[in-house]
Amino acid sequence: MSQFSETQMAEFKRLVSRYPEGKQKSALLPVLHLAQNSFGGWLSEKTLDYVAELLNITPIEVYEVATFYSMYNLKPVGKYMFEVCQTGPCMISGSDNIIQYIQDKLGIKPGETTPDGLFTLKTVECLGACGYAPMMQLGKTYREHLTKDKVDAIIAECKSIAAE
Amino acid sequence: MGVKLLLEKAHVEGIRTYAVYRKEGGYRSVEKALQQMGPEAIVEEVKKSGLRGRGGAGFPAGMKWSFIAKPEGVPRHLVCNADESEPGTFKDRYLMENIPHLLIEGLIVASFALGSNDTYIYIRGEYAWIVDILETAIEEAKANGFLGKNILGSGFDCNIHVQRGAGAYICGEETALIESLEGKRGNPRIKPPFPAIQGLWQRPTVVNNVETLAAVVPIINMGGEEYAKIGVGRSTGTKLISACGNINKPGVYEIDMTISVEEFIYADEYCGGIANGKRLKACIPGGSSVPILPANLLLKTAKGETRYMNYESLSDGGFATGSMMGSGGFIVLDEDQCIVKNTYTLARFYRHESCGQCSPCREGTGWMEKILYKIEMGKGRKSDIDLLWDIQRKIEGNTICPLGDAAAWPVAAAIRHFRDEFEWHVLNQDQAQKRNYGLAHYAEPIYVPAG
């Protein structure tokens with residue numbers, strides 16, 4: 001089973017230290033982010049149990065949180081996840097066309113991953129980039145003012161990084 | 001160009017760094033507050049300023065602060081709500097990205113006023129890169145003696161911690177935010193008790209929006225009375241508006257709440273008019289949950305008076321003919337936009353974001369989404385429109401938190417003002433998806449730029 005490395009454990013301790021004694025459960029959301037980033041971009045049941053053990057809380061307390069928030073992936077995802085916003089402001093700025101274009105280009109539907117495990121397409125609700133629509137989240141940052149050309153460039157960029 | 005209090009320095013080169021921010025006059029309010037004023041005097045200044053919460057509800061900030069309980073020996077907390085998730089709203093992000101020290105400065109003053117030694121910024125999980133910006137600013141402030149132990153020799157200790165959420169609109173509601181900060185699902189709490197009495201870890205807590213806390217800086221620097229002179233009536237100071245949709249210049253604008261809606265949409269200084277030479281159809285002026293208004297009621301009130309960009313004027317006419325300032329998320333729709341489709345995407349959003357605690361919201365948002373989808377796809381019946389109306393009425397006011405209302409209002413307003421468009425969809429099923437119903441209530445803009 002995967003465990004935090006030394007640096008990850010140091011980060012874990014930093015996160016927990018921000019809360020008063022006995023309130024370590026407060027670190028649960030940030031610790032789940034850390035775990036997801038550390039263990040391949042998703043949270044397995046084993047990882048959730050590991051987090052419960054680390055925080056000294058019951059596994060159900062971790063499960064109920066992991067299933068509530070949309071950023072936690074409970075199934076394996078591609079190396080690059082395109083999270084495209086489809087809410088009102090993005091929709092009126094043409095997000096439908098961008099989502100369709102990515103589907104055609106990658107040959108997958110929202111929620112699916114390409115057979116090579118490189119890309120996952122996910123439609124998401126408002127990410128707070130309405131003035132820079134259409135947009136997607138890719139890893140830690142946003143890609144905004146999307147056009148078909150930009151989507152092509154992003155896909156090429158991901159492929160070239162993965163090939164290195 | 002109106003008065004700018006928050007974004008005046010936002011584009012000075014290097015303003016993200018402590019050195020430049022300080023050189024531009026930053027952290028003066030901390031010196032003034034901690035060395036010359038006491039906590040009570042700060043609360044008084046904020047009360048005098050008339051500052052209203054900038055997150056959406058518009059509750060007077062000074063009054064909120066004065067409610068905080070001070071039981072002996074119990075720590076108190078200030079929590080900054082940076083969960084910005086209301087569709088159409090991206091102003092807090094803009095402020096934090098461009099001028100992070102302004103928020104940190106406001107947080108230190110507010111923490112001192114409220115007696116919070118450990119202050120938390122709860123930021124939406126998707127704004128991951130902003131966490132780094134804020135943590136760098138906090139480290140810099142600490143290295144320069146504005147955070148940590150015994151700040152400026154005042155005896156006041158303060159640390160600020162940044163906590164990331166993980167994707168849940170509901171966590172913008174203050175009690176859901178507190179639950180989330182405690183490491184739980186974002187289920188809003190039943191009030192009372194209010195957070196000011198029992199909040200984070202059952203301790204007295206104040207939750208304020210990013211922009212509200214940033215506004216504390218100019219209030220302390222210039223004094224509450226001077227601040228209150230800006231703006232009009234109970235809409236004092238400046239407000240950040242994030243404008244998006246079919247306009248030429250989407251972006252974040254700081255306004256002093258005396259300009260008209262028409263000027264805001266058509267002036268080059270702001271939105272720069274409707275994009276692609278199209279005409280204005282409708283607008284959601286305060287974030288997706290506030291009522292949508294057709295062009296004629298947006299630019300003028302039902303009485304025929306000019307509508308202004310402030311709390312009172314935007315809500316003139318109540319929900320029958322008015323809307324709300326809300327969070328300042330200003331969404332503009334041009335003549336090609338389909339009201340049914342837009343309403344459907346918003347209904348889908350609220351269904352996705354309902355925490356599931358209250359039946360009217362959990363079930364109702366799902367029903368509204370399904371019916372709107374049906375109408376949009378050309379499978380609706382005329383009775384579905386009445387059914388939609390009925391469902392939204394059964395949600396409103398019947399839930400623990402305002403998400404139910406937020407889901408009901410957009411549907412109600414869309415039917416109220418664009419019923420003919422809904423009817424057109426069910427009567428012309430084969431054409432419903434072509435989505436070019438056109439303009440129902442068109443108003444020719446009369447705005448003429450000054451000079």
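From a predicted model like this one, the values you see are computed outputs, not experimental measurements. Residues take numbers from 1 onward in each chain, read along the sequence in its written order. To read the labels, note that chains go from A and ligands from 1, taken in the order they are written. It should be noted that, the model being predicted, local features are given only for residues of pLDDT at least 70 and side-chain atom pairs only at 80 or more, the latter also being counted only at that level, while totals for whole chains, interfaces and linings use all residues.

## Re the domain arrangement of chain B
All names here are of chain B.
Then step 1. Each domain's extent is set by a domain assignment, obtained either automatically or from a database. In terms of domain boundaries, chain B breaks down into domain 1 (18-229), domain 2 (235-334) and domain 3 (339-434).
Then step 2. The gap between the C-alpha centroids of domain 1 and domain 2 is 28 Å.
Then step 3. Contacts here follow a simple rule: the backbone-placed C-beta atoms of the two residues must lie within 7 Å. Of the residues lining the interface, 20 residues belong to domain 1; the matching set on domain 2 comes to 19 residues.
Then step 4. Going through the elements one at a time, α5 (91-98), α9 (210-222) and α10 (224-229) are the ones with two or more residues in the side of domain 1 that touches domain 2.
Then step 5. By definition, any uninterrupted DSSP run of H or I lasting at least four residues is a helix, any uninterrupted run of E lasting at least two residues is a strand, and each is numbered from the N terminus. At three residues, α5 tops the list of elements feeding residues into the side of domain 1 that touches domain 2.

## Side note on helix α17 (residues 382-395) of chain B
Residue and element names in this part refer to chain B.
Then step 1. The exposure scheme places C-beta atoms from the backbone and then counts, for each residue, the other C-beta atoms within 10 Å of its own, assigning buried at 20 or more, exposed at 12 or fewer, and partly exposed in between. Those residues of α17 that sit buried are Leu388, Ile391, Gln392 and Ile395. Each buried residue of α17 lies within a common arc of 95° when the element is viewed along its axis, so the set occupies one face. Away from the buried face of α17 by more than 90 degrees, exposed residues Lys382, Ser383, Asp386 and Asp390 are located.
Then step 2. Where α17 is buried, its residues contact α16 (359-376) and α18 (403-427). The arc under discussion is defined with respect to the helix axis, by the directions toward the C-beta atoms.

## Things to note about the packing of helix α6 (residues 95-106) of chain A against helix α7 (residues 148-163) of chain A
All names here are of chain A.
Then step 1. Axes, fitted as lines to C-alpha atoms, cover a helix only where it is in contact. Angles between the N-to-C directions of the axes lie from 0 to 180 degrees. Viewed as axis vectors pointing N to C, α6 and α7 meet at an angle of 40°, and their least axial separation amounts to 10 Å. Looking at the two axes, α6 sits oblique to α7. Here α6 runs over α7; the crossing is right-handed. Of the residues in α7, those in contact with Ile98, Tyr101, Ile102 and Lys105 of α6 are Lys148, Val151 and Ile155.
Then step 2. Gly falls in the polar group here, along with every residue not listed as nonpolar (Ala, Val, Leu, Ile, Met, Phe, Trp, Tyr, Cys, Pro) or charged (Asp, Glu, Lys, Arg). Across the contact of α6 with α7, the residue classes tally to five nonpolar, no polar and two charged. Here the word oblique covers every angle except those under 35 degrees (roughly parallel), over 145 (roughly antiparallel) and from 65 to 115 (roughly perpendicular). Each crossing gets its handedness from the near helix: less than a right angle anticlockwise from the far helix is left-handed, clockwise is right-handed.

## Brief notes about the interface of chain A and chain B
One widely used convention gives an interface's size as the accessible area the parts lose upon coming together.
Then step 1. Listed by partner, the interface residues are 36 residues for chain A and 45 residues for chain B.
Then step 2. Listing elements by their share of the side of chain A that touches chain B, those giving two or more residues are α2 (28-38), α4 (59-66) and α5 (88-91) of chain A.
Then step 3. Of the residues forming the side of chain A that touches chain B, the biggest block, five residues, is contributed by α2(A).
Then step 4. Classifying every residue of the side of chain A that touches chain B gives 19 nonpolar, eleven polar and six charged.

## What about the pairing of strand β8 (residues 251-255) of chain B?
Residues and elements named next belong to chain B.
Then step 1. A large share of β8 lies buried, amounting to four of its five residues.
Then step 2. As defined by bridge partners, strand β7 (residues 239-245) adjoins β8 across five bridges and the pair is classed as antiparallel. In the strand pairing of β8, Ala243 is matched with Gly251.
Then step 3. What sits between the antiparallel neighbours β7 and β8 is a turn of five residues. Here the rule is simple: two strands pair whenever DSSP picks up at least two bridges between them.

## Concerning the nonpolar core
Then step 1. Only buried Ala, Val, Leu, Ile, Met, Phe, Trp, Tyr and Cys residues enter a nonpolar core, and they are joined through C-beta atoms within 7 Å. In terms of nonpolar packing, the biggest core is built from 183 residues, with Leu32(A), Leu95(B), Val109(B) and Val332(B) touching the most fellow members.
Then step 2. No other element matches α18(B), which puts twelve residues into this core.
Then step 3. In this structure Leu95(B) touches Leu6(B), Leu102(B), Leu103(B), Val210(B), Glu211(B), Ala214(B) and Leu240(B), once residues within four positions along its chain are discounted.

## Some remarks on the pairing of strand β1 (residues 77-82) of chain B
All names here are of chain B.
Then step 1. The element β1 is extensively covered by neighbouring structure, given that six of its six residues are classed as buried.
Then step 2. Every second residue of β1 is oriented toward a common face, with His77, Val79 and Asn81 on one face and Leu78, Cys80 and Ala82 on the other, all of them buried.
Then step 3. Bridge count for β1 against strand β4 (residues 205-209) is five bridges, and the pairing is parallel. Within β4, the residue paired with His77 across the bridge is Thr205.
Then step 4. Pairing between β1 and strand β2 (residues 118-123): four bridges, direction parallel. Considered in β2, the bridge of Val79 is made with Tyr120.

## Things to note about the environment of Asp157(B)
Then step 1. Within the secondary structure, Asp157(B) sits in the loop between α7 (128-143) and β3 (159-164).
Then step 2. A residue is classified by how many C-beta atoms lie within 10 Å of it, and Asp157(B), with 13 of them, is partly exposed.

## Looking at the sheet that holds β3(B)
Residues and elements named next belong to chain B.
Then step 1. Spatially, the four strands line up as an open sheet ordered β3-β2-β1-β4, and their pairing is parallel. Every other strand in the sheet has two partners, leaving β3 and β4 as the edge strands with one partner each. Across the sheet, the mean angle from the axis of one strand to that of its neighbour is 20°, orientation sign disregarded.
Then step 2. The sheet contact formed by β2 and β3 spans six bridges and is parallel. Paired with Asp118 across the bridge in β3 is Asn159.

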